[in-house]
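# Notes for the structure review
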Amino acid sequence: MKQKDKKRKASYTGRLKNLDLPDIEVLGEILDEEREATTYKTARIATKRDQTLKSGMTLKTGRVMAVMSNYQCQVQLQDEEVTASIGGRLKQFLYKSTTMLVVGDYVEVDMSLKPDYRIENILPRKNRLSRYDSGSFQKEILVAANIDQLVITSSWRMPMYKPGLIDRFLILAATHKIEPLIVVNKIDLCEDPEELEEGIAYYRESGFKVILTSTVSRAGIDELKAELKDKDSVFSGHSGAGKSSLINCLQPGLELITAEVSDFNEKGKHTTTQATMLTWDFGGHLIDTPGIKTAYLNREDIALMPKLFPGFDRYYPACRFRDCAHIAEEGCAILQALESGEMDPDRYESYRWIMENL
Ligand SMILES: Nc1nc2c(ncn2[C@@H]2O[C@H](COP(=O)(O)OP(=O)(O)OP(=O)(O)O)[C@@H](O)[C@H]2O)c(=O)[nH]1
Ligand SMILES: [Mg+2]
Ligand SMILES: [Zn+2]
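For clarity, every value in this text was computed on a predicted model and none was experimentally measured.

The rules we used
- Residues numbered from 1 in each chain as written.
- Chains lettered and ligands numbered in written order.
- Predicted model: local features only at pLDDT ≥ 70, side-chain atom pairs only at ≥ 80, totals over all residues.
- Heavy atoms only, no water.
- Helix = DSSP H or I, 4+ residues; strand = E, 2+ residues; numbered from the N terminus.
- Donors = N, O, S within 2.8 Å, 3.2 Å for Na, K, Ca; no water.
- Tetrahedral: all angles 85-135°; square planar, octahedral: opposite > 155°, others 65-115°.
- Buried < 20%, exposed > 50% of the residue type's maximum accessible area, 1.4 Å probe, protein only.
- Near = heavy atom within 4 Å.
- Areas by Shrake-Rupley, 256 points an atom, 1.4 Å probe, with all protein chains shown as cover.
- Nonpolar A, V, L, I, M, F, W, Y, C, P; charged D, E, K, R; others polar.
- pLDDT = per-residue confidence, 0-100.
- Contact = heavy atoms within 4.5 Å.
- Phe/Tyr/Trp six-rings, centres within 6.5 Å; stacked < 30°, edge-to-face > 60°.
- Lys NZ or Arg CZ within 6 Å of the ring centre and 35° of its normal.

### A word on unusual backbone geometry
In this chain, K114 is followed by P115 through a cis amide linkage whose omega measures 5 degrees. Relative to the assigned elements, P115 resides in the loop between β4 (106-110) and β5 (117-122). P159 follows M158 through a cis peptide bond whose omega is -5 degrees. The topology assignment puts P159 in the loop between β8 (149-155) and α5 (163-175).

### Brief notes about the coordination of the zinc ion (ligand 3)
Taken together, the protein ligands of the zinc ion (ligand 3) are C319 (SG), C324 (SG), H326 (ND1) and C332 (SG), with distances of 2.1 to 2.4 Å. Note that the zinc ion (ligand 3) binds 4 donor atoms; their angles at the metal cover 104 to 115 degrees, and the shape is tetrahedral. Along the chain, the residues that donate to the zinc ion (ligand 3) are spaced as C-x4-C-x1-H-x5-C. Taking relative accessible area as the criterion, C324 reaches 4% and is therefore assigned buried. Given the relative accessible area of 1%, H326 is considered buried.

### Some thoughts on the site of ligand 1
The environment of ligand 1 is made up of 16 residues, and the closest members are D188, T215, S239, K243 and S245. For ligand 1, whose free accessible area comes to 650 Å², the fraction covered by protein is 66%. When residues of the shell around ligand 1 are assigned to their parent elements, the largest contribution, 3 residues, is made by helix α8 (residues 243-250). Residues belonging to the shell around ligand 1 are distributed by class as follows: 3 nonpolar, 9 polar and 4 charged.

### Concerning the confidence of the model for the protein chain
The predicted model of the protein chain has a mean per-residue pLDDT of 80, with 73% of residues at 70 or higher. Note that residues 1-41 has pLDDT below 50 and, in this model, 51 contacts with residues that lie over four places away or in other chains. pLDDT under 50 marks residues 263-273. Its contacts with residues more than four places away, or in other chains, come to 13 contacts.

### Observations concerning the packing of aromatic side chains
Enumeration according to the criterion identifies 8 aromatic pairs in this entry. Each ring, one from F309 and one from F312, has its centre 4.8 Å from the other, and the planes form 50 degrees; the classification is tilted. In terms of burial, F309 and F312 fall into one category: buried. Arranged with centres 6.0 Å apart and planes meeting at 40 degrees, the rings of Y348 and Y351 form a pair that is tilted. Highlighted residues: Y348 and Y351, both in helix α12 (residues 345-357), separated by 3 residues, approximately one helical turn. Here Y351 falls in the buried class, since its relative accessible area comes to 0%. Ring-pair connections join several aromatic residues into one group, and the members of that group are F309, F312, Y348 and Y351. Over the face of the ring belonging to Y202 we find R314, whose NZ or CZ atom lies 5.5 Å from the ring centre. R347 extends its terminal NZ or CZ atom over the ring of Y202, reaching a point 5.9 Å from the ring centre.

Spelled out as structure tokens, the structure:
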């Protein structure tokens, strides 16, 4: 690590002390990695920030809770929430609204021009969640940043349990370096507990955490709450899986706030363009993104798929070829597991489907 980076890290530690951050040392490491891997824009901002910080600023670190279309952001500082605009210097680099600030970003706000608060810096991101528009260029649209957990919600029935969709969300989580949590809801509609256990076995055996819930019987709700506590989570899953019902079960009234926020914004001139960050009363945040009902996968990730597909990590190290695509290769451990009946054929089908449709 360069001397300069060390210094910068130390100053973060001081400023961020009271914010809801994960372990700061761990975050520091992740940020260092991210800085190297980062897109050229954020890289330029990070360098630029050191060169051109204006003098006379009073910088406070905060977290972006909502972004409005008119360059206004709701920023949670240590002890207050303020509306801040994006400083002109930042705008130079972040000229496209889709690539600029997102909910979950840690930022530095210049407080010296009160009440005209200005966001001067975006701190490097731990991770980010994006979706890709379906056009031929697959333009990346940022949704949120610095997320701890992707909650993949699927219902057992109504609509029918769809492991294929869970696979895609798991891949999405893996490519974005976000911890996944699988929630199978509506288990009150389950008539055969054995079938349910079989349905989720592959994921549990592959090391994923699976929670079975019902908003009707409240089964699994406390277990889910414990997993959400003190983390920043995004709920994903197809329409009707029960995301809103679960959120309402966990904290009655919380989603109403979202509805009010967007209503207000529709009438007013400031439309929220992305996600909103809401605070759980038991600790942590819910990053509410209306858009994550389908897992948008990036075509470029296809090369990673043979290693990223959920559960394949148990097998692929034994494939004869390091770049084995598990399709017709000699000595393929996945195909062997499939033949011996150890690998669920549905999961292999799902893999092939994703490979062919990316
Ligand atoms: N039987 C049963 N029904 C449930 C359960 N959870 C939710 N529902 C019902 O499922 C339907 C859809 O639930 P929502 O919470 O609106 O689903 P959602 O995932 O938020 O859907 P979108 O907002 O469209 O993405 C509602 O009619 C709920 O009452 C459950 O645990 N058991
Ligand atoms: Mg909903
Ligand atoms: Zn293979």
